[in-house]
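For reference, the chains in residue letters:
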Amino acid sequence: RDLVVREIIDHDALNNADMADVIMQVNHEGRVFARNSNDTLSLVPDAHGLGVEAYLGGTDLGRGVFQDIAGGYMTKMSWAFTVADGGDEWKSETAPDGRSLETRTIKRIRKVYDVSAVSLPANDATEISARTLTDGVIARIQEERLKELEMRKRKMLLEDWLK
């Protein structure tokens, strides 16, 4: 009989987790491309999991990783962590097809060690994408210019009306 193992991370599991000096790597090994202790990596737990923002422009190799992500060669992420003592629960049951189903629910994460762009993720539901800082800046400038233009138009209409 086959065994199916499923892992679920509770949405509150990162509350009080140690996320000091987390690093970003590729495939959990080798070179460090960003880290939160030098403000090149930001980790924000959100409704979907652990949101990650990394600045990869500090080294030639980091810029290469950015290009790999932007080009769609690296499309998934993974992260390394430890579970707090007593921070998980196991449930055993039989799936409708007769297979044994073991479900691990992680309730509390003790420490996050790294986040990684990966070739083959353990969880295929992850995603990674690349964008530049200027993406947001350009959109913000365009929005400000449109607001200024609208204000000028309103001012001109008001001046014409007052004449």
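Computed from a predicted structure; not experimentally measured.

**A closer look at the pairing of strand E4 (residues 41–46)**
Sheet analysis places E4 next to strand E5 (residues 49–54), joined by 6 bridges and oriented antiparallel. Looking at the pairing, Ser 42 lines up with Glu 53 of E5. Hairpin connection from E4 to E5: 2 residues lie between these consecutive antiparallel strands.

**What about the sheet that holds strand E9 (residues 109–118)?**
In spatial order, the strands read E3-E2-E9-E6; together these 4 strands make up an open sheet with mixed pairing. Edge strands, defined here as strands with exactly one partner in the open sheet, are strand E3 (29–35) and strand E6 (76–83). The average undirected angle you get between the axes of adjacent strands in this sheet is 35°. Where strand E2 (residues 23–26) meets E9, 4 bridges bridge the pair, whose relative direction is parallel. Note that in E9 the partner of Val 26 across the bridge is Ala 117. Sheet strands touched by helix H1 (residues 60–70): E2, E3 and E9. Its angle to E3, the strand with the most contacts, is close to 90°.

Reading guide: rules and limits
Residues numbered from 1 in each chain as written. Predicted model: local features only at pLDDT ≥ 70, side-chain atom pairs only at ≥ 80, totals over all residues. Heavy atoms only, no water. Pairing = 2+ DSSP bridges. Helix = DSSP H or I, 4+ residues; strand = E, 2+ residues; numbered from the N terminus. Axes fitted to C-alpha atoms, helices over the stretch in contact; angles between N-to-C directions. Contact = heavy atoms within 4.5 Å.

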